[in-house]
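Summary of structural features
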Amino acid sequence: MSHHALPKHFISKSGSPQSLPSKPGPSAQAYVQKYVVKNYFYYYLFQISAALGQEVFYITFLPFTHWNIDPYLSRRLIIIWVLVMYIGQVAKDILKWPRPSSPPVVKLEKRLIAEYGMPSTHAMAATAIAFTLLISTMDRYQYPFVLGLVMAVVFSTLVCLSRLYTGMHTVLDVLGGVLITALLIVLTYPAWTFIDRLDSASPLFPVCVIVVPFFLCYNYPVSDYYSPTRADTTTILAAGAGVTIGFWINHSFQLVSQPAEPLPVIQNIPPLTTDMFILGLTKFAVGIVLILLVRQLVQNLSLQVLYSWFKVVTRNKEARRRLEIEVPYKFVTYTSVGICATTFVPMLHRFLGLP
């Protein structure tokens with residue numbers, strides 16, 4: 001679907017859509033564009049595909065992988081995902097390339113309109129997850145490589161095409177995201193084995209894992225107006241820091257059983273049985289409930305402390321966007337979530353007798 005013409009399956013109710021600011025900004029956030037869906041197959045296909053590159057997918061898929069499939073794989077996926085997303089988010093606010101103009105395109109996602117377009121972080125994340133998973137499993141599990149390659153290509157392609165369909169990116173944005181991710185995978189691949197052994201690092205390692213990401217978040221490129229980019233980047237880096245610290249805690253204090261060796265070990269993929277399916281869903285449900293409780297508790301507590309420290313009126317949504325409040329509260333909240341997901345949830349599973 002070209003971003004230079006109104007899609008045939010979308011027709012503005014007014015017949016002549018109002019002009020949406022070509023540059024991101026506060027005015028763009030308030031804009032609501034009306035359209036009529038003419039092809040529901042494409043509409044739902046690409047809406048679902050777009051969701052595969054959004055937060056809702058990663059906060060379900062990555063924890064599920066850790067609790068039910070292979071902690072070794074989840075650790076590698078999360079670290080590569082965090083690296084790719086940070087570079088993509090920063091690149092957006094440095095390049096400051098606007099998203100496609102509307103009209104002629106119809107934009108189906110309102111929250112992200114305030115962000116810049118180049119590169120597409122949805123394309124970057126989908127490519128990173130799909131091909132990191134493929135590379136990490138091809139010498140670890142026994143399955144047809146061609147099947148894994150096709151699945152990786154289909155997954156990343158659907159997410160990439162969804163960014164064009166939803167009017168959020170140009171072809172150049174998407175291609176830029178894919179190429180940047182491919183380059184990052186090639187450059188970092190020699191260090192993946194080293195990354196796998198970070199949990200056995202020195203006692204100073206957790207300090208570095210907290211200080212460096214927090215510094216990067218606090219010194220995020222300054223924008224001319226508020227957009228959710230800095231907040232999203234803080235959430236991603238904090239979650240990555242929390243997961244990394246969680247693995248370090250597990251290794252240092254032997255709180256949970258060790259994950260399988262990160263060396264090539266060919267394993268057969270066990271068949272999915274009803275009992276295994278129910279057990280997986282139960283572990284996932286228990287884990288998500290605990291994570292949501294921790295997230296809400298830590299977020300409320302950290303906001304209360306920051307509001308009191310900076311003498312800000314409670315429940316002031318504008319104050320939550322201030323640098324000195326937004327970055328600390330999100331960083332503390334999602335670092336706690338990462339630690340909880342990798343350390344306390346597996347302990348709870350063992351306590352409840354969920355293997």
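Residues numbered from 1 in each chain as written. Predicted model: local features only at pLDDT ≥ 70, side-chain atom pairs only at ≥ 80, totals over all residues. Heavy atoms only, no water.

Under an unreviewed UniProt entry, the name given to the protein chain is Sphingosine-1-phosphate phosphatase 2, and the organism recorded is Macaca nemestrina. Within the UniProt record for the protein chain, the comment given under Subcellular location (unreviewed entry) is "Endoplasmic reticulum membrane". One UniProt comment on the protein chain, placed under Sequence similarities (unreviewed entry), says "Belongs to the type 2 lipid phosphate phosphatase family." (UniProt positions renumbered as here; feature names shortened; annotations may be inferred.)

1. Concerning the packing of aromatic side chains
Taken as a whole and assessed by the stated rule, the structure comprises five aromatic pairs. For the pair F64 and F284, a centre-to-centre distance of 5.9 Å together with 65° between the ring planes defines the contact as edge-to-face. Of the two residues, F64 sits in helix 3 (residues 55-69) while F284 sits in helix 11 (residues 274-309), which places them 220 residues apart along the sequence. The exposure class assigned to F284 is buried, which follows from its relative accessible area of 19%. With a centroid separation of 6.3 Å and an interplanar angle of 55°, the aromatic rings of W67 and F284 are classed as tilted. In this pair, W67 sits in helix 3 while F284 sits in helix 11, placing the two residues 217 residues apart along the sequence. Pair check on accessibility: W67 and F284 agree, each one buried. Members of the aromatic cluster, joined through ring pairs, are F64, W67 and F284. Positioned above the aromatic ring of F247, the side-chain terminus of R75 is 4.9 Å from the ring centre. (Phe/Tyr/Trp six-rings, centres within 6.5 Å; stacked < 30°, edge-to-face > 60°. Helix = DSSP H or I, 4+ residues; strand = E, 2+ residues; numbered from the N terminus. Buried < 20%, exposed > 50% of the residue type's maximum accessible area, 1.4 Å probe, protein only. Lys NZ or Arg CZ within 6 Å of the ring centre and 35° of its normal.)

2. A look at the layout of surface pockets
When its volume is computed, the second largest pocket comes out at roughly 1100 Å³. Looking at the lining of the second largest pocket, the elements with two or more residues in it are helix 3, helix 5 (121-137), helix 6 (145-165), strand 4 (267-268) and helix 11. Per-class residue counts for the lining of the second largest pocket are 24 nonpolar, seven polar and one charged. (1 Å grid on protein atoms, 1.4 Å probe; cavity = no way out; pocket = protein on both sides within 12 Å on 5 of 7 lines; lining within 4 Å. Points joined across faces, edges and corners; volume = space filled by probe spheres on them. Nonpolar A, V, L, I, M, F, W, Y, C, P; charged D, E, K, R; others polar.)

3. Brief notes about the pattern of salt bridges
For the coordinates displayed, the defined rule picks out three salt bridges. Between D70 and R140 there is a salt bridge whose closest N-O contact spans 2.7 Å. Of this pair, D70 sits in the loop between helix 3 and helix 4 (71-95) while R140 is found in the loop between helix 5 and strand 3 (141-142), placing the two residues 70 residues apart along the sequence. For D70, a relative accessible area of 3% translates into the label buried. R322 is the partner of E324 in a salt bridge, and the nearest nitrogen-oxygen pair spans 2.6 Å. (Salt bridge = Lys/Arg side-chain N within 4 Å of Asp/Glu carboxyl O.)

4. Structural notes on unusual backbone geometry
Most peptide bonds take the trans form, and the phi angle of most residues other than glycine is negative. Its identity is not glycine, yet K96 carries a phi of approximately 60°, on the positive side. You can see K96 is positioned in the loop between helix 4 and helix 5.

5. Concerning the side chain of T132
Here T132 shows up in helix 5. When neighbours within four sequence positions are excluded, T132 is seen to be in contact with R76, L77, I80, T127, I185 and W192. (Contact = heavy atoms within 4.5 Å.)

6. Points about the nonpolar core
Counting residues in hydrophobic clusters, the biggest one holds 53 residues, and the most contacted among them are Y58, L62, W81 and I291. When residues of this core are assigned to domains, at least three fall in each of domain 1 (37-192) and domain 2 (200-258 + 270-354). Sequence-distant contacts of W81, defined by excluding residues within four places in its chain, comprise Y58, L62, A125, I129 and I236. Within the second largest apolar cluster, seven residues are counted, among which are L303, Y307, A319 and I325. (Core = buried A, V, L, I, M, F, W, Y, C linked by side-chain atoms within 4.5 Å. Domains from an automatic or database assignment.)

7. So, a nonpolar patch on the surface
Taken together, the side chains of M138, F145, V146, L149, V150, V153 and V154 present a nonpolar region at the surface, about 550 Å² in accessible area. Structurally, the position occupied by F145 is in helix 6. Judged by relative accessible area, F145 falls into the partly exposed class, the value being 41%. (Patch = residues over 30% accessible without salt bridge, like charges linked within 9 Å, V, L, I, M, F, W, Y side chains within 5 Å. Areas by Shrake-Rupley, 256 points an atom, 1.4 Å probe, with all protein chains shown as cover.)

8. Some thoughts on the side chain of T181
With respect to the helices and strands, T181 occurs in helix 7 (residues 171-188). A polar contact is formed between the side chain of T181 and the backbone oxygen of M124, at a distance of 3.4 Å. Beyond its immediate sequence surroundings of up to four residues, T181 is in contact with V84, M124, T127 and A128. (Polar contact = N/O pair within 3.5 Å; in protein donor to acceptor, adjacent residues only side chain to side chain.)

9. Things to note about the environment of T273
Along the chain, T273 falls in the loop between strand 4 and helix 11. One polar contact links the side chain of T273 to the main-chain amide nitrogen of M276, over a distance of 3.2 Å.

10. As for the packing of helix 10 (residues 229-253) against helix 12 (residues 323-351)
Each packed pair of helices is defined by two parameters, the angle between the axes and the distance between the axes. Remark: helix 10 packs on helix 12, axes separated minimally by 6 Å, with the N-to-C direction vectors making an angle of 35°. Judged by the sense of rotation from one axis to the other, the crossing of helix 10 with helix 12 is right-handed. Along the lines of polarity and charge, the residues of the contact of helix 10 with helix 12 split into 13 nonpolar, nine polar and three charged. (Axes fitted to C-alpha atoms, helices over the stretch in contact; angles between N-to-C directions. Left-handed = near helix turned anticlockwise from the far one by under 90°.)

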